[in-house]
Amino acid sequence: MANYRIFLIAFSALPLLAQRGTGDLRLHVVDASGLGLAAEVRVISSGTQIDRNLVTPPEGNVAVKDLPFGIYRVRVSHAGFAAVEKLVEIRSEAPLDLRIRLEVAAAETTVVIEDSETLLDPHRAGPVYFLGQQALREHRASLPSRGVLELVESQPGWLMEANGVLHPRGSEYNTQFVVDGIPLTDNRSAGFAPPLDVEELQSMNVFTASYPAEYGRKLGGVVEATTARAQTPGFHGRAALQGGSFDTESGFASGQYVRGRMALGGSVESSRTDRYLDPPAIENFSNHGFVNGARAQFEEDITQRDRLRVSVDRKHTGFLVPNEVSQQAAGQRQDRTADETMGIVSYQRVLPGEMLLHLRGMVRDLDEGLRSNAQSTPIQAFQNRGFREAYTGASVAGHRGRHDWKAGGEWIGSAIREDFRYHITNRRFFDPETPRNFSFADRRQSRELAGYVQDSMRAGNWTFSAGLRWDGYRLLVRDSAVSPRLGVAWNLPRAGLVLRASYDRAFQVPAIENLLLTSSVAAQRLNDVTTGLPVPASRGNFYQAGFSKSLGGHVRLDGTWFRRDTRDFSDDSLLLNTGVSFPISFAKANVHGYEAKLEIPRWGTFSGFLSYSNLNGTGELPVTGGLFLGDDSAALLQSRDRFPVTQDQRNTVQGRVRWQAARHVWTALGSRYGSGLPVELEGTVDPAAVDPRLLEQVNQERGRLRPSWTLDVAAGADLFTHEKKAVRLQGDVTNLTDRLNVINFAGLFSGTAVAAPRAFSLRMSVEF
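Each chain carries its own residue numbering, running from 1 in the direction its sequence is written. In keeping with the model being predicted, local features are shown solely for residues with a pLDDT of at least 70 and side-chain atom pairs are shown and tallied solely at 80 or more, while totals for entire chains, interfaces and linings include all residues. Computation of side-chain values: all heavy atoms of the structure, hydrogens and water removed.

Undergrad: Go over the sheet that holds strand β3 (residues 50-55) with me, naming the residues and quoting the values.
TA: Pairing between two strands requires that DSSP report at least two bridges joining them. Numbering goes from the N terminus for both helices and strands, where a helix is a DSSP run of H or I of at least four residues and a strand is a run of E of at least two. Ordered in space as β3-β2-β5-β6, the four strands form an open sheet in which the pairing is antiparallel. Of all the strands in the sheet, the pair left with one neighbour each is β3 and β6 (84-90). Direction aside, neighbouring strands of the sheet carry axes that sit 20° apart on average. In this analysis an axis means a line fitted to C-alpha atoms, helices contributing only their contacting stretch, and an angle means the value between N-to-C directions, from 0 to 180 degrees.

Undergrad: Summarise the packing of aromatic side chains; cite the residues concerned and give the values.
TA: Here a ring pair, both rings aromatic, is described through the centre-centre distance and the interplanar angle of the planes. Note on aromatic pairs: the rings of Phe, Tyr and Trp (six-membered ring only in Trp) are paired at centre separations within 6.5 Å, and the planes decide the class, stacked below 30 degrees, edge-to-face beyond 60, tilted for the rest. On inspection of all chains with the given rule, the structure shows 14 aromatic pairs. A centroid spacing of 5.8 Å and a plane angle of 70° characterise the contact between Tyr173 and Phe192, whose relative ring orientation is edge-to-face. Of this pair, Tyr173 sits in the loop between β10 (166-168) and β11 (175-179) while Phe192 is found in the loop between β12 (182-184) and β13 (201-207), placing the two residues 19 residues apart along the sequence. Note on classification: 1.4 Å probe, protein chains only; a residue is buried when its accessible area is under 20% of the maximum for its type, exposed when over 50%, partly exposed between these limits. In this structure Tyr173 comes out as buried when scored by relative accessible area, which is 13%.

Undergrad: Explain the confidence of the model for the protein residue by residue, including any values.
TA: Should the pLDDT be low somewhere, the predicted coordinates at that spot are not to be read in detail. The pLDDT value tells you how sure the predictor is about a given residue, anywhere from 0 up to 100. Per-chain confidence: the protein averages 89 in pLDDT, with 93% of residues scoring 70 or above. Two residues form a contact once any of their heavy atoms are found within 4.5 Å. Confidence drops under pLDDT 50 across residues 1-19; counting only partners more than four residues distant or on other chains, this segment forms 51 contacts.

Undergrad: I'd like to hear about unusual backbone geometry, residue by residue, with values.
TA: For the peptide bond that leads from Thr377 to Pro378, omega is 5°, which places it in the cis range. Along the chain, the position of Pro378 falls in the loop between β21 (355-372) and β22 (379-400). With an omega of 20°, the peptide bond running from Leu621 to Pro622 counts as cis. Here Pro622 is to be found in strand β31 (residues 606-625).

Undergrad: Outline the environment of Trp411, supporting the account with residue identities and numerical values.
TA: Looking at the element boundaries, Trp411 is found in strand β23 (residues 403-424). Note on Trp411: relative accessible area 34%, which makes it partly exposed. A C-alpha to C-alpha distance of 15 Å links Trp411 and Val453, two positions 42 residues apart in sequence. Ignoring any residue separated from it by four or fewer positions in sequence, one finds Trp411 in contact with Ala390, Tyr391, Thr392, Arg447, Glu448 and Leu449.

Undergrad: Report on the pattern of salt bridges, specifying residues and quantitative values.
TA: When a carboxyl oxygen of Asp or Glu lies within 4 Å of a side-chain nitrogen of Lys or Arg, that pair is called a salt bridge. In this structure the tally under the stated criterion is 64 salt bridges. Residue Arg146 is joined to Asp278 by a salt bridge in which the shortest nitrogen-to-oxygen separation is 3.3 Å. Note that Arg146 is positioned in the loop between α2 (133-137) and α3 (147-153) and Asp278 in the loop between β17 (262-273) and β18 (289-301), a separation of 132 residues in sequence. Both residues of the pair, Arg146 and Asp278, count as buried.

Right, dumping it as structure tokens:
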């Protein structure tokens, strides 16, 4: 009860706190007499990588929806009238109303605004990396389920391990996706859930600090994604076909019909490949996978103040678990499936006093399965797990004077189910006391409740943000926490420089994947010596300081130092070589480093970026949660040893340069370097069991993988463009030098993953 009282007192006492999100710009275009006027509208920002073109109806009203917070150049034009340009800022979810009056051309009053004025955001306490329409449309050719994940990985501070598992700043399974305002905190990697399709999205925002109080539960990193929405009346669509190496084929088609204030749309997708996961063997055995999905959505601006949005998604994934050499020889086959159905309802109402009420709800069901044939070795594993989740959230956001504020709450209820069993087929890989057969089944209910308040206040060249969040969590353990968030930014306009700093208190709940199995009494009896502790929620103090600098009005340099101190640091492990991972936790961890990104949104015919990330992560025993088997398990409960966290890659460098060779032709060159992850070699590795080419990629003296490096090239051409219609062709070659790169290495059957060799891809897209 004490935490409840603290939260209520703080809620009423704070002036209100900093928010992140999107807002709408509502334009009303009139002529000299004040009558509505049809006009062409362009909204552009170098900072947020947004470039949208719209046409207002005859009455002159149009809403430019879902603009990430930032500074925008708005240009309005109509034949016979002088074009007008204005600089506007989107800072609140409450819509910004802008009235623009066009004069006849003889009364020329156009003010030309340079794109450099939108390059820096002087009011952010932390860096946010934006991926706009061009970055999404020209994304690097990737395997099914990897497009969105690879775009996120291209940002500083992010590392993608085997099978598309994202690790922001050393965090394990603590990435949160926010899709159209709905938080998804389960593992969204290829091996756990059906993927987001990059073709569905119109923008993404990625950040790893300075979190608004509205975000909780998973705070390693946050990815905000907004799905594509047509706004021009009539029927509009997009289709894309892609094919390439590893017999990879994919197709996507979407269509939206807009009439008046109503929009109805849908999309379908399908893909297949013979390299779905990152295999443990260079030969890429048994690695077939496919993804199918469909989506329907409806949106209506019921009145000028009310908006309703409904969407339904259904996706299915099926794939084979790739084999080791000996497993392939034995004839092993392991099939995994994942099915997800999700429905979302969102309602917004504009309230008097520049405020916005937002109500949203979501229900989804996720099922995952694993089947093994009789030839599986050293173990046959079977699993059927999943959860049904209900989410409700309510918030009020507003703008008043120098304040942009937001307050709200959310409730999440989950029904979790887990069934798992195994049969050992080769006992020499296990301790003698390990049971040959094991079976587990359990059902539990989870409840999470949260409330928050946040505000951003300006004072001259200073911007102050503050937030307070309360979380309550109940599953295998009960816990609650109050989390303050603070930030400051200082703008020096003449120097083109913004200095910033932030502090985030993080309360992160355990990963839901196989959590019941991990903490079960049955699993603890698998071995005479186990830990078998419920996994607690983690608490962290995240610090960050840095700057953003404009160089010549065309280039932005971001530099950041960060430090994260976490108690009950979360990680994951494997259960008896089954391929089933489960959450664990250690006493504490410290992760610190620095990041830099040089970004060129557009400079003549060139654009691109160059980034560098340095990370040093150290964990500390004892074990505080999860299941460990073996003779050293008891020691893990008493040890105070320190060790590098599994995502401790000290140096990461990546970059991409794009050249617009001609009006309708472009080419790009990209590269990525990683200094190598830590490995743990227990005992002597049997050379006959492990490919010597993989062993060569391990520096056993340093206990790390040798550095990885890739070079990618791409080229594209607009085969046809006319108004809203376009036909585009893009070709990619990834890992051009065909270098052998190993992502993870941990010995036979337990985590080795090989990156893809040289691969080719060709994609054609049509827009209308």
